[in-house]
Amino acid sequence: MKTKDIVLIALFTALIIALGLVPPIPMPLVPVPLTLQTFGVMLAGLILGPARAGLVLLLYVTIALLGLPVLPGGRAGLAVLAGPTAGFLLGMIPGAVVTGWLATFLSRTEPLKADSSSHHAGMTSQTSAWQIAHYALAAVVGGLVLVYAIGIPWLVLVTKMDFAKACWAMVVFVPGDLLKALVAAVVAQRIRRLNMV
Amino acid sequence: MIGSLYLPGNTWLHRLPAGLKLAVLAVGSTALMWVHSPSLLLVACALVCLSVRWAGASLQQVWQQLRPLVWLLFVLGGLSVWSQGLWQALEMILRLLTLVLAALVVSMTTPLTKMMQVVVRLLWPFQRLGWVDADKVALGVGLTLRLIPELGVQWQEIREAQLARGLMPSPLTMGVPMLLRTLRRADEIAEAIDARG
């Protein structure tokens, strides 16, 4: 792994932490506040590709568990793992990997390389609208579906809440997360395009 | 700058080795998931509350960490009273509170460097296999912590530049320059690190 990769991973982790320090928006009736972290998860996957995005999220979770208040609302430490929303936190790691993998797979473009000579790759015939649609799909599957698929069963397990009720409670977040996926896709597409020039 | 949860002190809880505390926490938390008797849970909760006292935490510091959790417990408690009955709800709340407080005690009595040492030790088998390089992990954590305030400054700069031009900030107009600058900065930092070896 090159120095550039380590620096990129550290910078993206810092970026997600910075996004998480924006005060979360508490939602009525649902035990998970709406935050910008998942936006960071999607962006990391789309821009860095699966391997580095996974490492970014791994680093993020490690720093949170070590006791630095980097999670929304200034929470931190091992207490988070004991809480009912830990599944959503841990789910972000595979979420970012899947987002990155799907984005690469769907658009057949190479993720941003540490080595700047490879920027000629990809996006030869596809219009940018298609590219955005592919990115958005990747962000929804990885950053939304997968994170929920891990977070909801965890919530059910810890709180012994009814599974169907837990699912219904999460519906409130879907519009916000879809919007985040779309914005992440547009931003990622612009960054990728600019980087190729 | 964000601070860690660590409370400087020299109680017997502070003096225990970090690895032992983490191991006790892991085993204890798992065991607690299978405890259903209310009296046993009460004993566990009382013990943990006592150790919070022993760790020398003030009520205010504990409250600061618990505050985001209180309304969450309230909502979850309400939901499980409704779906499972009062006793089940009380049991769940008591268990969650115990787990979170126990983890808080460990975070408050263990400095970040000690936690990092445990992480590095846990990584050791992987390092032997050649999968990870503990030094690079440490570099990543250090860089991330250093870069969080930098990104805050960067956000402020972009905001001000756009306001000066009469632009209303939106996720797109903020996201793209934020990421571009971040990627460019990654180049610079990587070069600087490589130049120093």
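So, how was this worked out
Residues numbered from 1 in each chain as written. Chains lettered and ligands numbered in written order. Predicted model: local features only at pLDDT ≥ 70, side-chain atom pairs only at ≥ 80, totals over all residues. Helix = DSSP H or I, 4+ residues; strand = E, 2+ residues; numbered from the N terminus. Buried ≥ 20, exposed ≤ 12 C-beta atoms within 10 Å, placed from the backbone. Contact = placed C-beta atoms within 7 Å. Axes fitted to C-alpha atoms, helices over the stretch in contact; angles between N-to-C directions. Parallel < 35°, antiparallel > 145°, perpendicular 65-115°, else oblique. Nonpolar A, V, L, I, M, F, W, Y, C, P; charged D, E, K, R; others polar. Domains from an automatic or database assignment. pLDDT = per-residue confidence, 0-100. Expected span 1.5 Å × (residues − 1). Bend = angle between axes of the 7 residues up to and from the residue.

Considerations on the overall build of chain A
Helix and strand counts for chain A stand at eight helices and zero strands. In chain A, the succession of α and β elements from N to C terminus is α-α-α-α-α-α-α-α. The 197 residues of chain A split such that 57% are buried. Contacts spanning at least 24 positions in sequence make up 74% of the contacts within chain A whose residues lie at least 6 apart.

Re the packing of helix α2 (residues 18-32) of chain B against helix α5 (residues 86-109) of chain B
Residue and element names in this part refer to chain B. Two numbers describe how α2 lies on α5: the axes approach to 10 Å, and their chain directions differ by 175°. For the element pair α2 / α5, the angle class is roughly antiparallel. Two secondary-structure elements touch here, α2 through K21, L22, L25, G28, S29 and L32 and α5 through R95, T98, L99, A102, A103 and V106. Tallied by class, residues from the contact of α2 with α5 come to seven nonpolar, three polar and two charged.

So, the domain arrangement of chain B
The domain architecture assigned to chain B consists of domain 1 (12-110) and domain 2 (133-196). For domain 1 of chain B and domain 2 of chain B, the distance between their C-alpha centroids amounts to 37 Å.

Some words on the confidence of the model for chain A
Residues and elements named next belong to chain A. Averaged over all residues, the pLDDT of chain A equals 77, while 73% of them reach at least 70. Of all secondary-structure elements in chain A, the lowest mean pLDDT belongs to helix α4 (residues 79-82), at 71, while helix α5 (residues 86-107) reaches the highest, 89. Across residues 114-125, where pLDDT falls below 50, the model places 15 contacts with residues more than four positions away in sequence or in other chains.

Notes on α5 of chain A
All names here are of chain A. Here α5 is 22 residues long and its end C-alpha atoms lie 32 Å apart, about the 32 Å a rise of 1.5 Å per residue gives. The principal kink in α5, of about 35°, is found at M92, preceding the proline P94 by one to four residues. Among the 22 residues that make up α5, 16 are buried, leaving the element largely enclosed by the rest of the structure.

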